[in-house]
Amino acid sequence: SPSPFGFAGPLATAERSLLDSLAHSALAMSSLPLLLEQLASAQRAVVEALSSEYFCEDLEPPSCAFGWGEEALRDYFETGGESAPPKAAPAAPAADARPVIVCLGDSLTEFGSHVVGPKFADATLKNTPLASEVLRATDGNEEHGPGWVALLARDYQWRTTADVLNRGFSGMTSRLLRADLASIVASLPSAPVAAVVVTLGANDAAEGGVPRDEFRQNLDAICGALKELLPSAAVLLATPPPINHQVWPATTGGKGFGGGRSLERLKPYAEAVRQAAAGAGVRCVDLQADFTTRLMHWADTTHDGFHLATKGNVFVYRQVGEALRSAGLNPSSMPTHRPPALAAAVELLDDRDGRYARCRKR
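Residues numbered from 1 in each chain as written. Predicted model: local features only at pLDDT ≥ 70, side-chain atom pairs only at ≥ 80, totals over all residues. Heavy atoms only, no water.

Enquirer: Got a sec to walk through the overall build of the protein? Specific residues and values, please.
Expert: Along the protein, the regular secondary structure elements total 15 helices and five strands. Taking all 362 residues of the protein together, 45% fall into the buried category. In the protein, of all internal contacts separated by at least 6 residues, the share reaching a separation of at least 24 is 73%. A total of about 18,000 Å² of accessible surface is found on the protein, and carbon and sulfur atoms cover 56% of it. (Helix = DSSP H or I, 4+ residues; strand = E, 2+ residues; numbered from the N terminus. Buried < 20%, exposed > 50% of the residue type's maximum accessible area, 1.4 Å probe, protein only. Contact = heavy atoms within 4.5 Å. Areas by Shrake-Rupley, 256 points an atom, 1.4 Å probe, with all protein chains shown as cover.)

Now the structure itself:
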């Protein structure tokens, strides 16, 4: 039977075996990341075997090679990397499409979409449908907004110049993002991507995380893949904010994936981000340095020693916003997005701040 994910050869066999086992599990959908990781592992084994067979150990298939069958990989190595399956043409964005700014990362990004502070959440949202289950389970203290991603989205939405999408995932590491990047990009809307903000390192630096040298290699690969997949997007790499190691252990008990976190442990990872940004020629938002040198009481910027509180979120919002503006993405000067009929109608409206004139320039 054909592969649901389009795999061929040994990968399709491995996929069918895994899908058969997942079909009998009520947790099939939650096991999808495991399936993809095992498929990636199977392909890595094929790549290693073929690179040895063709004496091409220094030749690494591009990021888009995930899913190639053995025949395509064999052609790739036989031609020294010159042959590759034709790429599917990306969907052309609509003429009036609004640009997109994508925020990639771990829970520091995911939680950046919080919209209120804990007191407001406790008093007003605890018994409402919005996040009600989470708020009840945490006595209303789960939200620590306004989050930095939500604040950026407000600025660009207020000026109707761009959409800000949150693609942060708790537990994300550079290793996982490198494996998942193509599928994440494929899930984005067909609008032009103006910028990608990548924030990684906090989970990589934890005990059981990703070694520093591999972290650097993963960042290099992620930057290269983003340039290949989204050639018109500005890429921003952010260093991980500092961790208050005196507070965080009380949250986790020092156990599991949360263990071993500290500012000293994070510093080499922040330096790796700086080096990767310089090597790739992309902007670096040095949050770690900014927190520790520009804030007198940076230890008060988290609510648990690790995840950002309101003060920390506002600071990250300002630093990332400044970097986006330096990349030419100022929400106040970008063209305003308006559908055609509305754009024609606003010709008759007062235009004191020039936003409608920007709309007419599109």
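There's more to say after this.
Enquirer: Describe empty space enclosed by the protein, naming the residues involved and giving the relevant values.
Expert: Inspection of every chain in the model, using the stated rule, returns three cavities of 30 Å³ or more. In this structure, the largest cavity occupies an estimated 60 Å³ of space. Along the wall of the largest cavity there are eleven residues; nearest its centre are S107, F111, H307, L308 and N313. Of the residues that constitute the lining of the largest cavity, the class distribution is three nonpolar, seven polar and one charged. (1 Å grid on protein atoms, 1.4 Å probe; cavity = no way out; pocket = protein on both sides within 12 Å on 5 of 7 lines; lining within 4 Å. Points joined across faces, edges and corners; volume = space filled by probe spheres on them. Nonpolar A, V, L, I, M, F, W, Y, C, P; charged D, E, K, R; others polar.)

Enquirer: I'd love a proper account of the nonpolar core, names of residues and values included.
Expert: Core analysis: the biggest nonpolar cluster contains 69 residues, and W148, Y156, V196 and L324 have the highest contact counts within it. The element that contributes the greatest number of residues to this core is helix α11 (residues 263-280), accounting for seven residues. If sequence neighbours within four positions are ignored, Y156 has contacts with I101, T161, A162, V164, L324, L329, P331 and M334. With ten residues, the next largest nonpolar core counts V47, L59, W68 and F77 among its residues. (Core = buried A, V, L, I, M, F, W, Y, C linked by side-chain atoms within 4.5 Å.)

Enquirer: Go over the sheet that holds strand β5 (residues 283-285) with me, naming the residues and quoting the values.
Expert: Taken in spatial order, the five strands make up an open sheet running β2-β1-β3-β4-β5, and their pairing is parallel. A single partner strand is all that each edge strand has here, and the edge strands are β2 (163-168) and β5. Direction aside, the axes of adjacent strands within the sheet are offset by 20 degrees on average. (Pairing = 2+ DSSP bridges. Axes fitted to C-alpha atoms, helices over the stretch in contact; angles between N-to-C directions.)

Enquirer: Got a sec to walk through the side chain of N244? Specific residues and values, please.
Expert: As for its placement among the helices and strands, N244 is situated in the loop between β4 (234-238) and α10 (248-252). Residue class for N244 comes out buried when judged on its relative accessible area of 11%. Every residue in contact with N244, bar those within four places of it in the chain, is listed here: W298, A299 and G305.

Enquirer: Can you break down the layout of surface pockets residue by residue, with the values?
Expert: Put simply, the second largest pocket is a space of about 1,000 Å³. Every residue lining the second largest pocket is counted, 31 residues in all, and those nearest its centre are R44, E60, P61, P62 and R178. At the level of secondary structure, the elements contributing two or more residues to the lining of the second largest pocket comprise α2 (32-53), α8 (174-186) and α9 (212-229). The element that contributes the greatest number of residues to the lining of the second largest pocket is α9, accounting for nine residues. Split into classes, the residues belonging to the lining of the second largest pocket amount to 15 nonpolar, six polar and ten charged.

Enquirer: Before we move on, can you summarise the packing of aromatic side chains with the specific residues and values?
Expert: Tallied over the entire structure, the rule returns two aromatic pairs. Aromatic side chains F215 and Y269 sit 5.2 Å apart centroid to centroid with 55 degrees between the ring planes, which places their arrangement in the tilted category. Remark: Y269 occurs in helix α11 and F215 occurs in helix α9; sequence separation between them is 54 residues. Like F215, the residue Y269 is buried in the burial classification. Judged by centre distance (4.9 Å) and plane angle (75 degrees), the ring pair of F291 and F315 falls under edge-to-face. Of this pair, F291 sits in helix α12 (residues 287-294) while F315 sits in helix α13 (residues 310-326); the two residues are 24 residues apart in sequence, bridging distant segments of the chain. (Phe/Tyr/Trp six-rings, centres within 6.5 Å; stacked < 30°, edge-to-face > 60°.)

Enquirer: Summarise the pairing of strand β3 (residues 193-199); cite the residues concerned and give the values.
Expert: Most of β3 sits out of view: seven of its seven residues are buried. This β-α-β element, β3 to α9 to β4, shows right-handed connectivity. (Right-handed = clockwise from strand over helix to strand, strands pointing away.)

Enquirer: Describe α8, naming the residues involved and giving the relevant values.
Expert: With 13 residues, α8 extends 18 Å from end C-alpha to end C-alpha; this agrees with the ideal 18 Å at 1.5 Å per step. The axis of α8 is deflected most strongly, by about 55 degrees, at D180. Those residues of α8 that sit buried are S174, L177, L181, I184 and V185. (Expected span 1.5 Å × (residues − 1). Bend = angle between axes of the 7 residues up to and from the residue.)

Enquirer: Before we move on, could you go through unusual backbone geometry and cite the residues and values that matter?
Expert: With a phi angle near 45 degrees, T160 is a residue other than glycine that sits in the positive phi range. Tracing the backbone through its elements, the reader meets T160 in the loop between α7 (148-158) and β2.

Enquirer: Tell me about the side chain of S107, and name the residues and values.
Expert: Counting through the fold element by element, S107 comes out in helix α4 (residues 107-110). Looking at S107, the relative accessible area reads 5%, which means it is buried.

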